[in-house]
Amino acid sequence: MKKCMAANWKMFKTKKEAVDTVQQLEASIDSNLPSDREVLVFPPFTAISAVSDALSENSSIQLGGQNFYPASEGAYTGEISPEMLLDLNCTYALVGHSERRHVIKEFEEIISQKVDFGLQSGLKIILCIGETLEERNQGKLQEILQKQISVLQDLSEDNISARLDIAYEPVWAIGTGEVAGPGEIQEAHGMVRTLLQNVFPEEGEKIRILYGGSVKPDNTAEIISIDNVDGVLVGGASLYADKFSQIALAGS
Ligand code: 13P
């Protein structure tokens with residue numbers, strides 16, 4: 001299984017900044033990326049088209065959307081559809097990111113519709129999950145992960161591991177500089193693996209589980225060596241081509 005090294009640029013970068021960053025990134029990773037790694041970039045919507053045009057034809061960088069609305073088209077002011085992302089050469093999309101859950105107030109019902117509709121539309125989906133500090137301190141880690149993974153229960157198992165990844169991002173480690181410790185990551189990823197195997201008895205062990213939360217060049221090699229860690233989803237450090245290229249190549 002290829003490790004997935006993903007950059008989530010959130011609401012950062014103008015078109016020019018995004019193009020400059022992706023071109024520098026491409027120049028530093030393209031000839032060095034091991035064949036068992038995949039690199040994804042999630043620009044803001046407004047820069048996807050320019051970034052796509054700036055990538056070379058055989059680029060090792062794939063693009064994704066940070067969000068979409070679960071309909072093909074329609075009167076949904078301010079939203080964009082999976083087809084629109086596919087039209088801009090996106091192959092992936094994030095669903096259920098912590099900032100969408102906690103800032104935009106998206107919960108399981110819409111998250112479930114997005115996973116379902118995004119997959120049907122032909123996007124690969126990275127479902128983001130993770131507990132708040134309060135939930136962790138109340139001993140609710142397993143309960144929260146189970147609830148967040150329950151949105152997958154009605155999906156067909158057919159080839160699901162090629163179309164779905166999970167990103168475990170503890171909310172208390174996002175943008176705080178506080179990375180979860182190796183023991184905490186191993187424990188949570190082990191729980192996620194078991195929950196995935198309960199939903200998908202055949203495919204559950206093959207679904208990639210990415211870690212996210214204050215990933216940096218100097219902690220990536222250790223994080224991706226932990227059991228059941230199949231890649232990283234990076235916010236802050238991914239905004240800099242030099243830092244993210246070190247992350248993408250870490251330990252290789
Ligand atoms: P940071 O890497 O800035 O902690 O953000 C993590 C994240 O939310 C990636 O989706």
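A word on the overall build of the protein chain
In terms of regular secondary structure, the protein chain is built from 10 helices and eight strands. Since a compact globule built from 252 residues should have a radius of gyration of about 18 Å, the 17 Å found for the protein chain is in line with a globular shape. Principal-axis analysis of the C-alpha atoms places the extent of the protein chain at approximately 45 × 45 × 35 Å. Expressed as a percentage of the 252 residues in the protein chain, the buried residues total 53%. In the protein chain, the share of contacts with a sequence separation of at least 24, taken over all contacts with a separation of at least 6, comes to 72%. With the model as given, the accessible surface of the protein chain reaches about 11,400 Å², and the carbon-plus-sulfur share is 47%. Of the charged side chains in the protein chain, 21 are positive and 37 negative; the average position of the first set lies 3 Å away from that of the second.

Observations regarding the packing of helix α1 (residues 15-29) against helix α10 (residues 241-249)
For the pair α1 and α10, interaxial distance at closest approach is 9 Å and the crossing angle is 40°. In terms of their interaxial angle, α1 and α10 are classed as oblique. The interaxial crossing formed by α1 with α10 has right-handed handedness. Residues Thr21, Gln24, Leu25, Ser28 and Ile29 of α1 lie in contact with α10, whose contacting residues are Ala241, Phe244, Ser245, Ala248 and Leu249. When the residues that make up the contact of α1 with α10 are grouped by side-chain class, the tally is six nonpolar, four polar and no charged.

A look at α10
Buried within α10 we find Ala241, Phe244, Ser245, Ile247, Ala248 and Leu249. On its buried face, α10 is in contact with β1 (3-8), α1, β2 (37-42), α9 (217-224) and β8 (231-234). At the C-terminal side of α10, glycine 251 shows a positive phi close to 75°.

Digging into the pairing of β2
Of all six residues in β2, six are buried; the element is thus mostly enclosed. Residues Arg37, Val39 and Val41 point to one face of β2 and Glu38, Leu40 and Phe42 to the other, with burial holding for every one of them. Here β1 pairs with β2 via six bridges, running parallel. What sits directly across from alanine 6, in β2, is leucine 40. Between the parallel elements β1 and β2, the chain passes through α1 in a crossover that is right-handed. Two strands pair when backbone bridges link them, and β2 and strand β3 (residues 61-65) are joined in this way by three bridges, in the parallel orientation. Bridge pairing in β3 places valine 41 opposite leucine 63. Traced from β2 through helix α2 (residues 45-54) to β3, the parallel crossover comes out right-handed.

Topic: the sheet that holds strand β4 (residues 90-95)
Read around the closed barrel, eight strands run β1-β2-β3-β4-β5-β6-β7-β8, paired in parallel fashion. Adjacent strand axes in the sheet meet at a mean angle of 25°, parallel and antiparallel pairs treated alike. In this fold helix α5 (residues 108-121) packs onto β4 and β5 (124-129), with an angle of close to 160° to the strand it touches most, β5. Its contacts with the sheet put helix α7 (residues 141-149) on β5 and β6 (164-168), and the angle it makes with β5 is roughly 155°.

Observations concerning the packing of α1 against α2
Following both chains from N to C, one finds α1 and α2 inclined at 35°, their axes separated by 9 Å at the closest point. Note on packing geometry: the crossing formed by α1 with α2 is right-handed. Together, Lys15, Ala18, Val19, Val22, Gln23 and Glu26 of α1 and Thr46, Ala47, Ala50, Val51 and Ala54 of α2 make up the contact between the two elements.

A closer look at the packing of aromatic side chains
In this description, an aromatic ring pair is defined by two values, namely the gap between the centres and the angle between the planes. Counted by the stated rule, this structure contains two aromatic pairs. Between tyrosine 168 and tyrosine 211, the ring centres sit 6.4 Å apart and the planes meet at 55°, which makes this aromatic pair tilted. Of this pair, tyrosine 168 sits in strand β6 while tyrosine 211 sits in strand β7 (residues 209-212), and the two are 43 residues apart along the sequence.

Digging into the state of the cysteines
This model, assessed by the stated rule, comprises zero disulfides. Cysteine 4 takes part in no disulfide bond, and the closest cysteine sulfur to it belongs to cysteine 128, at a distance of 11 Å. On the basis of relative accessibility, which here comes to 0%, the residue cysteine 4 falls in the buried class.

What counts as what
Residues numbered from 1 in each chain as written. Predicted model: local features only at pLDDT ≥ 70, side-chain atom pairs only at ≥ 80, totals over all residues. Heavy atoms only, no water. Helix = DSSP H or I, 4+ residues; strand = E, 2+ residues; numbered from the N terminus. Rg over C-alpha atoms; globule rule 2.2 N^0.38 Å. Buried < 20%, exposed > 50% of the residue type's maximum accessible area, 1.4 Å probe, protein only. Contact = heavy atoms within 4.5 Å. Areas by Shrake-Rupley, 256 points an atom, 1.4 Å probe, with all protein chains shown as cover. Lys, Arg positive; Asp, Glu negative; His and termini not counted. Charge placed at Lys NZ, Arg CZ, Asp CG, Glu CD. Axes fitted to C-alpha atoms, helices over the stretch in contact; angles between N-to-C directions. Parallel < 35°, antiparallel > 145°, perpendicular 65-115°, else oblique. Left-handed = near helix turned anticlockwise from the far one by under 90°. Nonpolar A, V, L, I, M, F, W, Y, C, P; charged D, E, K, R; others polar. Pairing = 2+ DSSP bridges. Right-handed = clockwise from strand over helix to strand, strands pointing away. Phe/Tyr/Trp six-rings, centres within 6.5 Å; stacked < 30°, edge-to-face > 60°. Disulfide = S-S within 2.5 Å.

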